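Listed below, chain by chain, are the residues.
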Amino acid sequence: MHQTSMRMGGYQGPNSVLTAGLARFEEDIRARLGDGVDIARTDNVTADGQTARSLFDGIEAGSFDLGYMASGYITAKVPELGVLDLPFSVADRHAAYRALDGKAGELLREAIHSQTGYKVLGFWDNGFRHLTNARHAIVRPADCEGLVVRTLDNRIYVETMAAMGFTPKVTDVRELKESVANGTVDAQENPMTNSVLFGLHAYHKHLTLTGHFFGVALFLCNAEWLDALPADVREAVRKAALTATAHQRHLAEAQDTEALAELRSADVAIVEPDRAAFRAACAPIIDKERAGLPDALLEAYLAS
């Protein structure tokens, strides 16, 4: 019997909805292939001293076969992914799902495959990103002045944080908690679930519900690995990815509600910001980035 090897990786811990997506994929693919698959799964490469970036590079190079990453990590390689990084452009995660499962997803899959060594298996929910900080309530852009904020290694994210008034600082996720705990950064931006997952609320007692980005995680694989699989195994991978994607999205939405309740119970002060003021501060970035994106992609993602 032909046995397929699958080396899977992630960069978050056991309570992450992204880890849950990987686990569901493994469960489903084992049910479909039985003894025909040999799976090695590393849920959190950073626990082994690696960076999240090393996982992404490893999937493309073939030392891992599949895993996930926040889409923003490869926007520099695939400029079309900038459509997912437009600040204050998505308010309804279900509309985003429909777009990603339709024409917008088709266009992004083609762009990613043509410019990298990846193939996309699914678009996962990486949560609405909000601001937390250790200093004071942030209601408007003026409140961000003088604060150092941790963000992703993504040009649009960095420019957005600067437009809000912050001094941006990029760190790998491996260094996130330490940077918050030791005060290297005053603020950070992440989904609420990550604030809970990494224990950041022990240090940051102010949460501002900006929802400035709706994060998309790419569940993807090495393209050559996928293409070399027997047809029946490729089909099993496709179906298992659909199951994992539906499961992951359901958990992501549910855990947003749970995380908000947990942050409240931990005496985190939660404020609604002046979103119009933040959006106005970011308007030049939105306009500049939209001008560089294909009209068909903008229409497919943002008009859904």
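Residues numbered from 1 in each chain as written. Predicted model: local features only at pLDDT ≥ 70, side-chain atom pairs only at ≥ 80, totals over all residues. Heavy atoms only, no water.

### Topic: the overall build of the chain
Note the threshold: A run of DSSP states H or I qualifies as a helix once it reaches four residues; a run of E qualifies as a strand once it reaches two. Both are numbered from the N-terminal end. The quantity called the radius of gyration is restricted to C-alpha atoms. Its globule counterpart is 2.2 Å times the number of residues to the power 0.38. A simple rule labels every residue: compare its accessible area, found with a 1.4 Å probe on the protein chains alone, to the largest value its type can have, and call it buried under 20%, exposed over 50%, or partly exposed in between. When checking whether two residues touch, look at their non-hydrogen atoms; a contact exists if any pair is within 4.5 Å. The Shrake-Rupley method, run with a 1.4 Å probe, gives the accessible areas here. Residue values count only the displayed protein chains as cover. A positive count includes Lys and Arg, and a negative count includes Asp and Glu. His and the chain ends are not counted in either. Here the site of a charge means atom NZ of a Lys, CZ of an Arg, CG of an Asp or CD of a Glu.
For the chain, the helix and strand inventory stands at 11 helices and 9 strands. At 19 Å, the chain has a C-alpha radius of gyration in line with the 19 Å of a compact globule built from 304 residues. Considered along the principal axes of its C-alpha atoms, the chain spans approximately 65 × 40 × 30 Å. For the chain, buried positions account for 55% of its 304 residues. For the chain, long-range pairs separated by at least 24 residues make up 77% of all intrachain contacts whose partners lie at least 6 apart in sequence. Summed over its atoms, the accessible surface of the chain is roughly 12,200 Å², and 49% of this surface lies on carbon and sulfur atoms. The averaged location of the 41 negative side-chain charges in the chain is 1 Å from the averaged location of its 30 positive side-chain charges.

### A short note on the nonpolar core
How we decide: Definition used in this section: a nonpolar core is a set of buried Ala, Val, Leu, Ile, Met, Phe, Trp, Tyr and Cys residues joined via side-chain atoms within 4.5 Å.
Membership of the largest hydrophobic core comes to 72 residues, with the highest contact counts inside it found for Met6, Tyr11, Phe25, Val237 and Tyr301. Top element by residues in this core is strand β8 (residues 206-222). It accounts for 8 residues. Leaving out residues up to four positions away in the same chain, Tyr301 has contacts with Val83, Leu84, Val90, Ala96, Ala99, Leu100, Ala104, Phe214 and Val216. Counting residues in each nonpolar core, the second largest holds 12 residues, with Phe88, Leu131, Cys144 and Met164 among its members.

### Looking at the packing of helix α3 (residues 93-100) against helix α9 (residues 231-265)
Helix packing geometry: the angle between the two helix axes and the distance between the axes. For clarity, the threshold we go by: Only C-alpha atoms enter the line fits that serve as axes; for helices the fit covers just the stretch in contact. Angles between N-to-C directions range over 0 to 180 degrees. Geometric relationships in this document are graded by angle, where less than 35 degrees denotes roughly parallel, more than 145 denotes roughly antiparallel, 65 to 115 denotes roughly perpendicular, and other angles denote oblique. The hand of a helix crossing depends on one turn: near helix anticlockwise from the far one by less than a right angle means left-handed, and clockwise means right-handed. Under the grouping applied here, Gly and all other residues not named as nonpolar or charged are polar, the nonpolar ones being Ala, Val, Leu, Ile, Met, Phe, Trp, Tyr, Cys and Pro and the charged ones Asp, Glu, Lys and Arg.
It is the contact of α3 with α9, at a shortest axis distance of 12 Å, that shows an interaxial angle of 165°. Considering their axes alone, α3 and α9 lie roughly antiparallel with respect to each other. In this structure, the crossing between α3 and α9 has a hand that is right-handed. Facing α3, whose interface residues are Arg93, His94, Tyr97 and Leu100, α9 presents Arg249, Ala252, Glu253 and Asp256. Partitioned by chemical class, the residues of the contact of α3 with α9 number 3 nonpolar, 1 polar and 4 charged.

### Focus on the environment of Met164
Along the polypeptide, Met164 turns up in helix α5 (residues 155-164). Taking the C-alpha atoms as reference, Met164 lies 38 Å from Arg24; in sequence the two are 140 residues apart. Beyond its immediate stretch of four places on either side in the chain, Met164 contacts Phe88, Leu131, Pro141, Cys144, His212, Phe278 and Cys282.

### Considerations on the pairing of strand β6 (residues 167-170)
We count it as follows: One bridge is not enough; two strands pair if DSSP finds at least two bridges between them. Note on handedness: a crossover is taken as right-handed if, strands pointing away from the viewer, the path from the first strand over the helix to the second is clockwise.
Where strand β5 (residues 148-151) lies against β6, 4 bridges are found, and the strand directions are parallel. Bridged to Val149 within β6 is Pro168. Crossover connection from β5 via α5 to parallel β6: handedness right-handed.

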